[in-house]
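These are the residues of each chain, in order.
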Amino acid sequence: MHRIAVIAGDGTGPEVTDEALKVLEAVGAAEGFTYELTKFDFGGERYLKTGETLPDEALEELRGFDTIFLGAIGHPDVPPGVLEKGILLKARFGLDQYINLRPVKLYPNVDTPLKDKGPEEIDFVVVRENTEGMYTGMGGVQYAGTDHEVSTQIHCTTYRGASRAVRYAFDLTRKRNLRKQLHLVAKTNVLTSVGGTWWRAFNEIGDAEYSDVTREYAHVDAASMWFVKNPEWFDVIVTENLFGDIITDIGAIISGGLGISAGGNINPEGVSMFEPIGGSAPKYEGQDVINPLAAINAMHMLLDHLGETTAATRVEAAIVGALNSGQIKSMSAGRMGMGTKAVGDLVASLV
Ligand code: IPM
Ligand code: MN
């Protein structure tokens, strides 16, 4: 029995979550596993009513689940940063989900803006460190509102943080067993202190434990270019938090966009949280036009993480089946040629 916490969230979050749960129900019935859903209403509406984002007690409660499914967080009436920091980042940090796992995989019949590139060329994974870097909140503003205003936002990398991300990435590279090649993406030519720590972790751990994995290095600016020019060069990438945030948006767009891209916030020793990479897209709320495939893809990752590997494979195959049916005209909201619910029905019928 899997105990799953569900935070549907804001905007179109609840609509895509419904479709992911529909597919979960179908695959649960087909595979014969059981689960229990517990729904939480954290998000913009609750914040506007009560001033609460993710209370400490709720964080404690979330620790008791086997996994968490998150729809989307973000509300047009709430200032930027409040919900992001108060809910999403609080969960990532509080539950020590130190890996943000973001596959960049172009499925068949999905358009990529890259000329002459197809599913053969676009299939890699970004392992984004998820609890350090520029996201810790270290720093602040002094003399605010004056000409002397000073703002600092400190990048924090620890050897422990870099090492555990690097080790996770090496293990994943081995498990994928494709090119057995791991890229470190950093900026060692400018961010020499931070880059040095990553470089040391990458090479020390690689030398000691992973001599079967080929190590490569790319500066983040060059890697951004190569994602577009030569995505086939990559197998697994490990990088710090903000670089990972930025390059995975490039990864998302070359593999069909936010309509289909999913990720997992993973604590290998604790509770993990799976989400579509896209936001709450409030302008599409309630119109049955948002693409639920990213959420369904997040459910595929969630099942894999729970050890329901056959179910996970079935869900991914059903996504591919839906794409191969030719019925879904585009990955973009409003251009799919069918509604949110109809896409969910189609995938559920194919698991
Ligand atoms: C993401 C998002 C978040 C991030 C925001 C919403 C805080 O962009 O999941 O990539 O920066 O990590
Ligand atoms: Mn992002």
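**Let's talk about the pattern of salt bridges**
Overall, the coordinates contain 22 salt bridges when judged by the stated rule. Salt-bridge contacts for K115 lead to D116; the nearest nitrogen and oxygen are separated by 3.9 Å. Each of the two residues, K115 as well as D116, counts as exposed. Ionic pairing is found between D212 and K180, a salt bridge with its closest N-O pair at 2.9 Å. Residue D212 is found in the loop between α6 (192-209) and β9 (214-219), and its partner K180 is found in the loop between α5 (159-176) and β8 (181-186); the two are separated by 32 residues along the sequence.

**Concerning the site of ligand 1**
In the vicinity of ligand 1, the contacting residues are E84, L88, R92, R102, R128, Y135 and D245. Side-chain polar atom of R102 to an oxygen atom of ligand 1: 2.8 Å apart, as the coordinates give it. R128 has a polar side-chain atom sitting 2.8 Å from an oxygen atom of ligand 1. A total of 320 Å² of accessible area belongs to ligand 1 in isolation, and the protein chains cover 74% of it. Among the elements that line the shell around ligand 1, the one with the most residues is helix α4 (residues 82-94), at three residues. For the shell around ligand 1, the per-class residue count stands at two nonpolar, no polar and five charged.

**Observations regarding the sheet that holds strand β10 (residues 236-239)**
Sheet architecture is open: ten strands sit in the order β2-β1-β3-β12-β11-β4-β5-β10-β8-β9, paired in mixed fashion. If you trace the sheet from one side to the other, it starts and ends with β2 (35-40) and β9, each paired once. Neighbour-to-neighbour, the strand axes of this sheet turn through a mean angle of 20°, independent of strand direction. Where strand β4 (residues 99-105) lies against strand β11 (residues 262-266), three bridges are found, and the strand directions are antiparallel. Its bridge partner being in β11, N100 is matched across the sheet by N265. Across the sheet, α4 is in contact with β3 (67-72), β4, β5 (123-129), β11 and β12 (272-276); its angle to β12 comes to roughly 145°. Against the sheet, α5 touches β4, β5, β8, β9, β10 and β11, its axis set at about 160° to β5.

**Observations concerning the domain arrangement of the protein chain**
Domain annotation for the protein chain reports domain 1 (1-105 + 263-351) and domain 2 (112-126 + 158-255). Computed from C-alpha coordinates alone, the two centres of domain 1 and domain 2 are separated by 25 Å. Across the interface of domain 1 and domain 2, roughly 1200 Å² is buried in total on both sides, 60% from carbon and sulfur atoms. It is R102, V104 and K105 that lose the most area in domain 1 upon contact with domain 2, and together they represent 48% of the buried surface on that side. The interface formed by domain 1 and domain 2 holds one salt bridge in total. Measuring nitrogen to oxygen at the nearest pair gives 2.8 Å for the salt bridge that ties D96 to R164. The tally of links between domain 1 and domain 2 comes to four residue pairs in polar contact (both at pLDDT 80 or more). Here the side of domain 1 that touches domain 2 gets seven residues from one element, more than from any other, and that element is β4.

**Examining the nonpolar core**
Inside soluble globular proteins, nonpolar side chains tend to come together where they are buried. By size, the foremost hydrophobic cluster in this structure holds 83 residues, and its most contacted members are L101, V127, V238, L293, L303 and I328. Looking at which element gives the most residues to this core, the answer is helix α9 (residues 293-305), with eight residues. Looking at which domains feed residues into this core, each of domain 1 (1-105 + 263-351) and domain 2 (112-126 + 158-255) supplies at least three.

Quick notes on the rules
- Each chain carries its own residue numbering, running from 1 in the written order of its sequence.
- Chain letters and ligand numbers both follow the written order, the letters beginning at A and the numbers at 1.
- A pLDDT threshold of at least 70 governs which residues receive local features in this predicted model, and a stricter bar of 80 or more applies before side-chain atom pairs are shown or counted, although totals over entire chains, interfaces and linings include all residues.
- Values shown for side chains rest on all heavy atoms present in the structure; no hydrogens or waters enter the calculation.
- Should a side-chain nitrogen of Lys or Arg be within 4 Å of a carboxyl oxygen of Asp or Glu, the pair is scored as a salt bridge.
- Between buried and exposed lies partly exposed: a residue is buried under 20% and exposed over 50% of the maximum accessible area for its type, with that area taken using a 1.4 Å probe on protein chains only.
- Here a strand is any run of E in DSSP of at least two residues, a helix any run of H or I of at least four, and the numbering for each starts at the N terminus.
- One heavy atom within 4 Å of a molecule or strand makes the whole residue count as near it.
- Throughout this description, a polar contact denotes any pair of N or O atoms lying within 3.5 Å of each other; where both atoms belong to protein, one of them has to be capable of donating a hydrogen while the other can accept it, and for residues adjacent in sequence the pair is counted only when both atoms sit in side chains.
- Accessible surface area values rest on a Shrake-Rupley calculation with a 1.4 Å probe, where residue burial reflects the displayed protein chains alone.
- Note on residue categories: nonpolar means Ala, Val, Leu, Ile, Met, Phe, Trp, Tyr, Cys or Pro, charged means Asp, Glu, Lys or Arg, and polar means any other residue, Gly included.
- Each pair of strands is called paired provided DSSP finds at least two bridges between the two strands.
- Comment: axis = line fitted to C-alpha atoms, over the contacting stretch for helices; angle = value between 0 and 180 degrees taken between N-to-C directions.
- Whether two residues touch is decided by their heavy atoms; if any such pair falls within 4.5 Å, the residues are in contact.
- An automatic or database domain assignment supplies the residue ranges for each domain.
- By buried area we mean the combined loss of accessible area, with a 1.4 Å probe, across both parts when two parts are placed together.
- Each nonpolar core is a collection of buried residues, namely Ala, Val, Leu, Ile, Met, Phe, Trp, Tyr and Cys, held together in the definition by side-chain atoms within 4.5 Å.

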